[in-house]
Amino acid sequence: MKKKPIEIVEIHNRKDLKKFVNFSFILYGQNPHWTPPIIEEEIDTLDQSKNPVFKNAKAHYFLAYKDSEIAGRIAVMINWIEVKELKKKKVRFGWFDVIDDINVTKALMEKVHAIGNENGMEFIEGPVGFSNMDKAGMLVRGFEESNTMITWYNAPYYHKHFKQLGYKDLAVWVEYEITLSSFESSPEKIKKFSDLMIKRYELKVLDFKSKKQIIPYVDKMFVLLEETYGKLQTFVPIQKDQITQYKEKYFTYIHPEFIKCITDKHDELIAFCITMPSFTRALKKANGKLFPFGFFYLLKALYFNNKASFYLIGVHPKYQNKGVTAVIFNEMQKTFNKKGYNIVETNPELEENSSIQNLWKNYEHRQHKKRLTITQKIKKGAKNQSS
């Protein structure tokens, strides 16, 4: 009996976007290490009428069908700011999930090549989102660990598929889990170094007790974020409308005491850190839905927890490599100890970021995850023939 060919279908409406988002629930719903996203939030991110990124970007979404069942999905994106201002002719792909069938992966990636070719792009990178504020990286180590709310989870065979298809590894990120002792038992070297840096540069640490106190600093944080990472090859400037969207999306999850800002003697913001209580368990209980009980699980995690996750750290270039990260972590540890937190999970850090990783060496830690993006030159002449 002749096998049916793999069918790739481009989707265009919100109803089909729900199928697109729900495929990860079908694929990983029984996997204890997968942390589900909130379905409506995912759909809003992909919806061109909801996400302001589409003022400067375009996207195509595809579902792969095998034997009349969904077997894979992929988002193909072009960020025009990246292409026109940064002169990088890159087509992005993300929200990639697939069954263990290399032919499905191949068929989906052919769409990436076709769209890249149609738009004059030169190379592919993924899995990534629309910008640096979105999830990025394919898991290649730590499959027995749960992903955080700001990272993707995937099975080991993804990377094997790409290797067999001739893709090359590009950016590499590592993640750490840090076990905290009491502040009194924490490394004296870090505490003394932190105090020294504060005195030497006349720094002030800002502690927040309410979300209202944070608001005047949010836009400054995004400016500092660009100053911190603007020279990285992968960085794309974040637009004002996107900043508003991120504020709305993540403000719900913020605990004011878990945010620290550092100013200089002129009261200018020179560093900040945003951490969050871990929402992994809460998101698993919510299983993609805020109602009727999902919001309750998330609210409970905000105030009753023992594990935190780093989300963003920004340090002005003038103060990089001057020990400011030690000041940030030292101050955060005071809050963690006060709240009874004993585990902190870092966000993905570029593997070559030795300065931050050297800081973790002073604590009990383990590198528990590794992820990367892959790349390939666009195949010239590839045509998009979506169904």
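Our structure's up above, just so we're on the same page.
Being a predicted model, the structure only gives us computed values, none of them experimental.

Caption draft 1: Focus on the layout of surface pockets. If you add up the space inside the second largest pocket, you get close to 450 Å³. Lining the second largest pocket are 17 residues, with Ser278, Thr280, Arg281, Ala282 and Asn305 sitting closest to its centre. When contributions to the lining of the second largest pocket are tallied by element, the ones reaching two or more residues are helix 9 (280-286), helix 10 (294-303) and strand 12 (343-345). For the lining of the second largest pocket, the element with the most residues is helix 9, which contributes five residues. Broken down by class, the residue content of the lining of the second largest pocket amounts to five nonpolar, five polar and seven charged.

Caption draft 2: Geometry of helix 11 (residues 324-339). Spanning 16 residues, helix 11 covers 23 Å between terminal C-alpha atoms, matching the ideal 22 Å at 1.5 Å per step. Residue Gly340 follows helix 11 closely and has a positive phi angle near 85°.

Caption draft 3: Quick peek at the packing of helix 7 (residues 211-229) against helix 8 (residues 240-250). The interhelical angle for the contact between helix 7 and helix 8, taken along N-to-C directions, is 125°, at an axis separation of 11 Å. Taken together, the axis directions place helix 7 and helix 8 in an arrangement best described as oblique. Considering the relative orientation of helix 7 and helix 8, their crossing is right-handed. Facing helix 7, whose interface residues are Val218, Asp219 and Phe222, helix 8 presents Ile243, Tyr246 and Lys247. Class assignment for the residues of the contact of helix 7 with helix 8 results in four nonpolar, no polar and two charged.

Caption draft 4: How the structure looks around the nonpolar core. Within the largest apolar cluster, 55 residues are counted, with the highest numbers of intra-cluster contacts made by Tyr61, Ile74, Phe93 and Phe130. For this core, the element with the most residues is strand 2 (residues 57-66), which contributes seven residues. Setting aside residues up to four positions removed in sequence, Ile74 forms contacts with Phe20, His60, Tyr61, Phe62, Phe93, Gly94, Trp95, Phe96, Leu108, Met109 and Val112. Ranked by size, the runner-up nonpolar core spans 32 residues in total, among them Leu206, Met221, Phe222 and Met276.

Caption draft 5: Representation of the environment of Leu17 within the structure. In this structure, Leu17 sits in helix 1 (residues 14-28). Residues Leu17 and Pro317 lie 300 residues apart in sequence; the distance between their C-alpha atoms is 40 Å. Leu17 has contacts with Ile11, Ile43, Leu46, Asp47 and Tyr61, leaving out every residue within four places of it along the chain.

Here is what the cut-offs are and how they apply
- What you see as residue numbers is a count from 1 along each chain, following the sequence as written.
- Residues qualify for local features only when their pLDDT is at least 70, as the model is predicted, and side-chain atom pairs are given and counted only at 80 or more; totals for whole chains, interfaces and linings, by contrast, use all residues.
- The basis for every side-chain value is the complete set of non-hydrogen atoms in the structure, without hydrogens or water.
- As defined here, a cavity is a set of points on a 1 Å grid over the protein atoms alone where a 1.4 Å probe fits but cannot get out. A pocket is an open set with protein on both sides within 12 Å along at least five of seven lines, and residues line them when an atom is within 4 Å of a point.
- Grid points are joined across faces, edges and corners, and a volume is the space filled by probe spheres set on the points.
- In DSSP terms, a helix is any run of H or I states spanning at least four residues, a strand is any run of E spanning at least two, and both are numbered starting from the N terminus.
- Under this grouping Gly is polar, as are all residues other than the nonpolar Ala, Val, Leu, Ile, Met, Phe, Trp, Tyr, Cys and Pro and the charged Asp, Glu, Lys and Arg.
- The span you would expect from a helix comes to 1.5 Å times its residue count less one.
- Axis definition: a line fitted to C-alpha atoms, over the contacting stretch in the case of helices. Angles run 0 to 180 degrees between N-to-C directions.
- We call two directions roughly parallel when the angle between them is under 35 degrees, roughly antiparallel when it is over 145, roughly perpendicular when it lies between 65 and 115, and oblique otherwise.
- Handedness of each helix crossing follows the sense of rotation of the near helix against the far helix: counterclockwise by less than a right angle gives left-handed, clockwise gives right-handed.
- Whether two residues touch is decided by their heavy atoms; if any such pair falls within 4.5 Å, the residues are in contact.
- Side-chain atoms within 4.5 Å link the members of a nonpolar core, which is a set of buried Ala, Val, Leu, Ile, Met, Phe, Trp, Tyr and Cys residues.
- A 1.4 Å probe rolled over the protein chains alone gives each residue an accessible area, and that area as a share of the maximum for its type sets the label: buried under 20%, exposed over 50%, partly exposed in between.

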